[in-house]
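# Structural overview
Chain by chain, the residues:
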Amino acid sequence: QEQLVESGGGLVQAGGSLRLSCVTSGGTFYNMGWFRQAPGKEREFVATINGHGTETNYARSVKGRATISRDNAKRTMWLQMNGLKPEDTAIYYCAAQSYYSGYLSVTSHDYRHWGQGTEVTVSS
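Let me begin by describing the structure that accompanies this report. Sequence positions are assigned chain by chain, starting from 1 and proceeding in written order. Only residues with pLDDT of at least 70 get local features here, since the model is predicted, and only at 80 or more are side-chain atom pairs given and counted; chain-wide, interface and lining totals rely on the full set of residues. Hydrogen atoms and water are omitted, and side-chain values are computed over all heavy atoms in the structure.

## Overview of the nonpolar core
In terms of nonpolar packing, the biggest core is built from 31 residues, with Met32, Trp34, Ile68, Met77, Leu79 and Tyr92 touching the most fellow members. Here this core gets five residues from one element, more than from any other, and that element is strand β9 (residues 90-96). Within this scheme, the nonpolar core is defined by two criteria: the residues are buried Ala, Val, Leu, Ile, Met, Phe, Trp, Tyr or Cys, and they are joined through side-chain atoms within 4.5 Å. Using a 1.4 Å probe on the protein chains alone, a residue whose accessible area is under 20% of its type maximum counts as buried, one over 50% counts as exposed, and one in between counts as partly exposed. Secondary structure is summarised from DSSP: a helix means a run of H or I of at least four residues, a strand means a run of E of at least two, and numbering begins at the N terminus for each.

Okay, here's the thing in structure tokens:
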């Protein structure tokens, strides 16, 4: 059974950094991504990476502050976030596609597999 497990969230001061991890098991995953959902808001795209880890795409709100990466041998994807802002506070979700797609989708509906989320709180 496919499973995605996030970790690395926590409480951090504005300007600080966090590295979120997503460990997968039970399936073959191609494009993967990070989404987040703040209290009272809809889930939004953060970053995505292709199956080989050679192509990435970022939301405008995190571009320049976030780096998505993956190591398929370790079945792990990461999101390094620097210069954190209070508006980055949200639950961060790992998402994955179990089919090949040449298009890096920024739409949550295109990702079938999801983790349970890890909470990030940025204090001002």
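## Points about the pairing of strand β11 (residues 118-123)
Here β11 shows a buried face lined by Thr118, Val120 and Val122 and an unburied face lined by Glu119, Thr121 and Ser123. Pairing of strand β2 (residues 10-13) with β11 involves four bridges; the strand directions are parallel. Bridge pairing links Gly10 to Val120 in β11. We call two strands paired when DSSP finds no fewer than two bridges between them. Here β9 pairs with β11 via three bridges, running antiparallel.

## Describing unusual backbone geometry
At Arg75, a position not held by glycine, the phi torsion is positive, near 55°. Counting through the fold element by element, Arg75 comes out in the loop between β7 (66-71) and β8 (76-81).

## Overview of the sheet that holds β8
Strands sit in the order β1-β3-β8-β7 across an open sheet of four strands; the sheet is antiparallel. Of all strands in the sheet, those with a lone pairing partner are β1 (3-7) and β7, marking the two edges. Each strand of the sheet is rotated relative to its neighbour by a mean of 15°, with strand direction disregarded. Relative to β8, strand β3 (residues 18-25) runs antiparallel, the two being bridged by six bridges. Each bridged residue has a counterpart across the sheet, and for Leu18 the counterpart in β8 is Met81. For every element, the axis is a line fit to its C-alpha atoms; helices are fit only across the contacting stretch, and the angle between N-to-C directions ranges from 0 to 180 degrees.

## A short note on the packing of aromatic side chains
Working definition: an aromatic ring pair is given by the centre-to-centre distance plus the angle between the planes. Any two rings among Phe, Tyr and Trp, with Trp reduced to its six-membered ring, count as a pair given centres within 6.5 Å; such a pair is stacked if its planes are under 30 degrees apart, edge-to-face if over 60, and tilted if neither. Taken as a whole and assessed by the stated rule, the structure comprises five aromatic pairs. Relative to Tyr111, the ring of Phe35 lies with its centre 5.4 Å away and its plane at 70°, an arrangement referred to as edge-to-face. Remark: Tyr111 occurs in the loop between β9 and β10 (113-114) and Phe35 occurs in strand β4 (residues 32-37); sequence separation between them is 76 residues. Considered together, Phe35 and Tyr111 belong to a single accessibility category, that of buried residues. The interplanar angle of 75° and the centroid separation of 6.5 Å between the aromatic rings of Tyr93 and Trp114 together place this pair among those described as edge-to-face.

Geometric values such as these leave the question of function open.
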